[in-house]
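# What the coordinates show
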Amino acid sequence: MKVRLYGIDCPESRQDYGPAATGLVNGAALFREVEIEEHGKDRYKRTLAVLHIGDTTIQDILLESGLAWVYTQYCKIPRCRAWKAKEKAAAKARKGLWREIDGPRKPVAPWVWRKRAR
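Predicted model only: the values in this text are computed from it and were never measured.

Further remarks concern the state of the cysteines. Enumeration over the complete set of coordinates arrives at 1 disulfide. Two residues, C75 and C80, share a disulfide whose sulfurs are 1.8 Å apart. The chirality of the disulfide connecting C75 with C80 is left-handed, given an S-S dihedral of about -90°. Looking at C75, the relative accessible area reads 8%, which means it is buried. We classify C80 as buried; its relative accessible area is 8%. Residue C10 stays outside any disulfide, its sulfur separated by 13 Å from that of C75, the closest cysteine. A relative accessible area of 16% means that C10 is categorised as buried.

Turning next to the pattern of salt bridges. Under the criterion given, the structure shown has 8 salt bridges. Across the pair R46 and D42 runs a salt bridge whose closest N-O atoms are separated by 2.6 Å. Residue classification places D42 among the buried positions, given a relative accessible area of 16%. The partner of K86 in a salt bridge is D60, and the shortest N-O contact between them spans 3.6 Å. Here the residue K86 occupies a position in helix α3 (residues 79–92), and D60 occupies one in helix α2 (residues 58–64), the gap between them amounting to 26 residues.

Below, the discussion takes up the side chain of Q15. The residue Q15 is located in the loop between β2 (8–9) and α1 (18–29) in this model. At a separation of 2.8 Å, a polar atom in the side chain of Q15 contacts the main-chain amide nitrogen of E12. Among the polar contacts listed, one links the side chain of Q15 to the backbone oxygen of V108, at a separation of 2.8 Å.

Looking now at the nonpolar core. Counting 22 residues, the largest nonpolar core has Y6, I8, I58, L62 and W83 as the members making the most contacts within it. The element contributing the most residues to this core is strand β4 (residues 47–53), with 5 residues. Not counting residues within four places of it along the chain, the set of residues in contact with L62 comprises L5, I8, C10, A21, L24, V25, L67 and A68. Judged by nonpolar contacts, the second largest core, of 5 residues, contains A90, L97, W98 and A109.

Considering all chains together, one arrives at 4 aromatic pairs under this definition. When the centroid spacing of 5.7 Å and the interplanar angle of 65° are considered together, the rings of W69 and W98 count as edge-to-face. Separated by 29 residues along the polypeptide, W69 in strand β6 (residues 69–70) and W98 in the loop between α3 and α4 (110–117) bring together distant segments of the chain. Residue W69 is classed as buried on the basis of its relative accessible area of 8%.

Calculation criteria
- Residues numbered from 1 in each chain as written.
- Predicted model: local features only at pLDDT ≥ 70, side-chain atom pairs only at ≥ 80, totals over all residues.
- Heavy atoms only, no water.
- Disulfide = S-S within 2.5 Å.
- Buried < 20%, exposed > 50% of the residue type's maximum accessible area, 1.4 Å probe, protein only.
- Salt bridge = Lys/Arg side-chain N within 4 Å of Asp/Glu carboxyl O.
- Helix = DSSP H or I, 4+ residues; strand = E, 2+ residues; numbered from the N terminus.
- Polar contact = N/O pair within 3.5 Å; in protein donor to acceptor, adjacent residues only side chain to side chain.
- Core = buried A, V, L, I, M, F, W, Y, C linked by side-chain atoms within 4.5 Å.
- Contact = heavy atoms within 4.5 Å.
- Phe/Tyr/Trp six-rings, centres within 6.5 Å; stacked < 30°, edge-to-face > 60°.

See below:
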């Protein structure tokens, strides 16, 4: 099953912090029981899902670590508001990709990066 994380977007693998986001997900989920809360399919027929690990979600972990954005265009469940607050808290604390918010390597949202790469 191919799964895309519902409601958030992480840096692409060739973007700054892309490998860090992938590593964080792998480390958090490896050898752990993960519950999949499905929210439909995307245009590539991947399952859109919130991934639960114990009392938290992969989305929470990524946002709290500053390694993801809430994808507000597509995040439509009530939990999205709390996720947005986690994103803002990580940015305020300059965690992860938010470390360089004012620097020359200012973070670029992945949907913007993908559009530029076309």
